[in-house]
Amino acid sequence: MPVVEGVKTESTVRFGLAFVGIMVIAANLRVAFVSVGPLLTEISSDRGWSNSTAGLLTGLPLIAFALFSPVAPGLAIRLGLDRALWISLLLLMTGILARSAPVEGAIWVGTALLGAAIAFLNVLLPSLVKRDVPARVSQVTGIYTAAQGAVSAGGAALVVPIAHATNSGWRLALGIWAGLALIALAALLPRIRRRASGAGPAADGPAPTYRSPWKSALGWQITVFMGLQSMAFFILMAWLPSIEQDQGISQTASGMHISVFLFTGTLASLGAGALLHRFAGQRSLALVTSMFAFSAYAGLALAPELSLLWCVVAALGCGSLIVIALSLFSLRTAHHTQAAALSGMAQSIGYAIAAAGPVAFGALHDLSGGWTLPLVATAGCMLVLCIAAVLSARNKLIG
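Here is a short report on the structure shown in this document. Computed from a predicted structure; not experimentally measured. (Residues numbered from 1 in each chain as written. Predicted model: local features only at pLDDT ≥ 70, side-chain atom pairs only at ≥ 80, totals over all residues. Heavy atoms only, no water.)

Things to note about the side chain of R332
(1) Moving on: Looking at where R332 falls in the secondary structure, it is placed in the loop between α14 (307-331) and α15 (336-368).
(2) Moving on: Despite being buried, R332 has no salt bridge partner; D132 is the closest side chain of opposite charge, sitting 20 Å away.
(3) Moving on: Setting aside residues up to four positions removed in sequence, R332 forms contacts with L218, I222, Q282, S392, A393, R394, N395, K396, L397 and I398. (Helix = DSSP H or I, 4+ residues; strand = E, 2+ residues; numbered from the N terminus. Buried < 20%, exposed > 50% of the residue type's maximum accessible area, 1.4 Å probe, protein only. Lys, Arg positive; Asp, Glu negative; His and termini not counted. Salt bridge = Lys/Arg side-chain N within 4 Å of Asp/Glu carboxyl O. Contact = heavy atoms within 4.5 Å.)

What about helix α16 (residues 372-392)?
(1) Moving on: Over its 21 residues, α16 extends 30 Å from the first C-alpha to the last, a length consistent with the 30 Å expected when each residue adds 1.5 Å.
(2) Moving on: Along α16, the residues classified as buried are P374, L375, T378, A379, M382, L385, C386, A388, A389 and S392.
(3) Moving on: Those residues of α16 hidden inside the fold are in contact with α11 (217-246), α13 (283-302), α14 and α15. (Expected span 1.5 Å × (residues − 1).)

Focus: the nonpolar core
(1) Moving on: Within the largest apolar cluster, 109 residues are counted, with the highest numbers of intra-cluster contacts made by L92, L124, Y144 and F225.
(2) Moving on: Counting residues per element, this core draws most heavily on α14, at 14 residues.
(3) Moving on: For L124, the residues in contact, after removing those within four places along its chain, are A72, A76, L81, A84, L85 and A340. (Core = buried A, V, L, I, M, F, W, Y, C linked by side-chain atoms within 4.5 Å.)

Quick notes on the packing of α14 against α15
(1) Moving on: Packing of α14 against α15 leaves a shortest axis separation of 8 Å and a crossing angle of 145 degrees. Along the contact surface, α14 presents L326, L328, F329 and S330, while α15 presents A339, L342, S343, A346 and Q347.
(2) Moving on: Among the residues making up the contact of α14 with α15, the classes are represented as six nonpolar, three polar and no charged. (Axes fitted to C-alpha atoms, helices over the stretch in contact; angles between N-to-C directions. Nonpolar A, V, L, I, M, F, W, Y, C, P; charged D, E, K, R; others polar.)

With respect to α13
(1) Moving on: Taking 1.5 Å per residue as the helical rise, α13 with its 20 residues ought to reach 28 Å, and the 28 Å between its terminal C-alpha atoms agrees with that figure.
(2) Moving on: For α13, every residue scored as buried is listed here: L285, A286, T289, S290, A293, A296, Y297, A298, G299, L300 and A301.

Details of a nonpolar patch on the surface
(1) Moving on: Taken together, the side chains of L56, I63, L67, F68 and V71 make up a nonpolar region of the molecular surface, amounting to roughly 440 Å² of accessible area.
(2) Moving on: In this fold, I63 is placed in helix α4 (residues 51-68).
(3) Moving on: Residue classification places I63 among the partly exposed residues on the basis of a relative accessible area of 40%. (Patch = residues over 30% accessible without salt bridge, like charges linked within 9 Å, V, L, I, M, F, W, Y side chains within 5 Å. Areas by Shrake-Rupley, 256 points an atom, 1.4 Å probe, with all protein chains shown as cover.)

Some remarks on the packing of aromatic side chains
(1) Moving on: A complete count under the given rule lists eleven aromatic pairs for this structure.
(2) Moving on: Centroid distance F68 to F120: 6.1 Å. Interplanar angle 85 degrees. Geometry classified as edge-to-face. With F68 in helix α4 and F120 in helix α7 (residues 106-132), this residue pair connects regions lying 52 residues apart in the sequence.
(3) Moving on: In textbook terms, an aromatic cluster arises when at least three aromatic residues are bridged by ring pairs, as seen for F33, F65, F233, F234, F261 and Y351. (Phe/Tyr/Trp six-rings, centres within 6.5 Å; stacked < 30°, edge-to-face > 60°.)

As for the environment of D46
(1) Moving on: Looking at the element boundaries, D46 is found in helix α3 (residues 40-47).
(2) Moving on: In this structure, the C-alpha to C-alpha distance between D46 and V31, residues 15 residues apart in sequence, is 22 Å.
(3) Moving on: Apart from residues lying up to four places away in sequence, D46 is in contact with W170 and R171.
(4) Moving on: Within the structure, D46 has its side chain in polar contact with the side chain of W170 (distance 3.1 Å). (Polar contact = N/O pair within 3.5 Å; in protein donor to acceptor, adjacent residues only side chain to side chain.)

Looking at the environment of V323
(1) Moving on: Along the chain, V323 falls in helix α14.
(2) Moving on: Taking the C-alpha atoms as reference points, V323 and Y144, separated by 179 residues in sequence, lie 9.2 Å from one another.
(3) Moving on: Those residues in contact with V323 that lie beyond four places of it in its chain are S138, T141, G142, T145, S269, A272, G273 and L276.

Pasting the structure below:
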């Protein structure tokens, strides 16, 4: 009996350490990215930028996500997963500090560096979950997704007061998030030392032979699912305030609606993580939440005066869909190395779709002079998302 209890205690401690590592990484995944938006007017005024230049700054991380995501799996194979994560966090901290430095061009270099770092972390974190907590993939994914949403919402709310409280202004408000990366670096350092008995790939064991997701129909189905659910989120983040203000909704009320969207999405992420592990397959939940996304865009097109309702419906869909998409990287693969490869593929193409979505939405608005055409077109894309959900959430592995 004491032996069994000792094994259980060791297992609990191991899970606890893994969970802490996952959470400190997750806390860094979004806040450095989303904290720019509330300060964009001040940054543009300080730097003398046009609106298009300011827009490029906010879009640069998404471009980096698409470019650098495929590189992450190879980095993990060469260095070992833990070392690759630690170096990515170091790159993130460097990028955050460089972005805030009072040096000409540093804001662009720093933004590109932090975008590359977040791309690596986005890809490798599902692989870490697959390796360290394989029996609780969906639960842990739901929790860390909700946590990164909560930290991001808090960061977006704090940056303006921080910027106005000191003479350093927006530079301090953006640079302060390097402290989160430093905490994560310190938390992960003991893990690297414990696994330092092997060098390179040996730290995680020999890299197994597996089928490339690029050559798998299921891999492409998951990639389409990832891309379209990301597009659903980023279009709302970019255009919902404009849609509502054209309906006579005040800027203050529209801002509150975005807060409702983010808060509801956080709760939906937790709920999806709790539900996913109860089923062998994820088709029903994936289809229902994809239908939420379709209903939100169709509702905004047909009954825009009910925008708060559609905002909540969209949040239930988007908050759940991101957890399902990230969980599929682990649930549809046989090994954490294969999970990293699928994650790199799906996030590279997925974020390219996500970056193109708001641009195409705006172009359709300019073409038609209203919001109905872009909303209906996006609702049509959400029907494709429903098909991708059914196909990608089947209970099978990439062969």
